[in-house]
Amino acid sequence: MLDYLVLYHSESGNTKKIAATIFSHLPGTSKDLIDITTDKTIPEARIYFVGFCVHQGSCSMIVSDFLNDLGGKQIALFGTCGMGDSIEYYSAIEHRAHAWIESDNEYLGAFICQGKMPQRVRQKYESMRTQANASQINLCLRNFDEALTHPDSLDLEHAKVFVQKMLKKTGADNF
């Protein structure tokens, strides 16, 4: 059994970037970094860091199914989403994703940050603009443009701090 498993689902590379940062800040060599969509057998671990790209305010079905199947584990979540830097929104995402974790696990916490979106999202916003919704669509376009640089170096630093907090919470910082 591994000490740590960093498992992630990434569509645009944002979550993969956070996963790699988390993995690089975990101590020792008893750890692995795996894309959840792999055909590879997923090993058992003591502590799971499970990452996802946000879909409609939560994690994807492949991540929720995985979380639902875990028992007796320590689990930390991380994710990336295109919508803006809002603590309230991130908290709602965490709550929805955390709901998939069975009660016999120990939920440690979550880290969520903004990530860039595909250009087709901007094009969709532009095609939806009407005189009646122009101000709302302009907000969406501004958010899209602000997300283009994320996850950035500050997001990666916050991911590092998240790892340190999770290790302290589990007592693993004493290894």
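Above this text you will find the structure in question.
What counts as what
- Residues numbered from 1 in each chain as written.
- Predicted model: local features only at pLDDT ≥ 70, side-chain atom pairs only at ≥ 80, totals over all residues.
- Heavy atoms only, no water.
- Helix = DSSP H or I, 4+ residues; strand = E, 2+ residues; numbered from the N terminus.
- Buried < 20%, exposed > 50% of the residue type's maximum accessible area, 1.4 Å probe, protein only.
- Contact = heavy atoms within 4.5 Å.
- Areas by Shrake-Rupley, 256 points an atom, 1.4 Å probe, with all protein chains shown as cover.
- Lys, Arg positive; Asp, Glu negative; His and termini not counted.
- Charge placed at Lys NZ, Arg CZ, Asp CG, Glu CD.
- Salt bridge = Lys/Arg side-chain N within 4 Å of Asp/Glu carboxyl O.
- Patch = residues over 30% accessible without salt bridge, like charges linked within 9 Å, V, L, I, M, F, W, Y side chains within 5 Å.
- Expected span 1.5 Å × (residues − 1).
- Arc of directions from axis to C-beta.

Q: Quick question: what am I supposed to make of the overall build of the protein here?
A: From N to C terminus, the protein includes six helices and five strands. In the protein, the succession of helices and strands from N to C terminus is β-α-β-β-α-β-α-β-α-α-α. C-alpha extents for the protein along the principal axes are approximately 60 × 30 × 30 Å. Across the 175 residues that make up the protein, the buried fraction comes to 45%. Counting contacts in the protein only where the partners sit at least 6 residues apart, residues at least 24 apart contribute 78% of the total. Here the protein has roughly 9200 Å² of accessible surface; of this, 51% comes from carbon and sulfur atoms. Positive and negative side-chain charges of the protein, numbering 17 and 21 respectively, have mean locations separated by a distance of 5 Å.

Q: In this structure, what is going on with the pattern of salt bridges? I would like to understand it.
A: Opposite charge on two side chains makes pairing possible when the charged atoms of those side chains draw close. Counting across every chain of the model gives four salt bridges. We note a salt bridge from Glu126 to Arg122, for which the minimum N-O separation is 2.3 Å. With Glu126 and Arg122 both in helix α4 (residues 119-128) and four residues apart, the pair spans about one turn of that helix. The class for Glu126 is partly exposed, based on a relative accessible area of 37%. Note on Arg122: relative accessible area 18%, which makes it buried. Connected via shared salt-bridge partners are Arg122, Glu126 and Asp145.

Q: Help me understand a negative patch on the surface, please; the structure alone is not making it clear to me.
A: Together, Asp65, Asp69, Glu102 and Asp104 line one region of the surface with negative charge. Take Asp69: it is sitting in helix α2 (residues 61-69). The exposure class assigned to Asp69 is exposed, which follows from its relative accessible area of 67%.

Q: Looking at this structure, I do not really get helix α3 (residues 87-98). What am I missing?
A: An α-helical turn contains 3.6 residues, so a residue and the one three or four places further along point in the same direction. When the terminal C-alpha atoms of α3 are compared, their 16 Å separation across 12 residues agrees well with the 16 Å that a helix rising 1.5 Å per residue should span. Turning to α3, its buried residues number three or more, namely Tyr90, Ile93 and Ala97. With its buried residues spanning 60 degrees around the axis, α3 presents them on a single face. Exposed side of α3, more than 90 degrees from the buried face: Ile87, Glu88 and His95 are the residues found there. Buried residues belonging to α3 abut β3 (45-53), α2, β4 (74-81) and β5 (106-114).

Q: Which parts of the structure should I look at to understand unusual backbone geometry?
A: As a rule of thumb, non-glycine residues mostly have phi less than zero, and peptide bonds are mostly trans rather than cis. The amide bond that connects His150 to the next residue, Pro151, takes the cis arrangement and shows omega of -5 degrees. Within the secondary structure, Pro151 is located in the loop between α5 (134-147) and α6 (153-170). With a phi close to 50 degrees, Gln56 is a non-glycine residue in the positive phi region. Considering the arrangement of structural elements, one finds Gln56 in the loop between β3 and α2.

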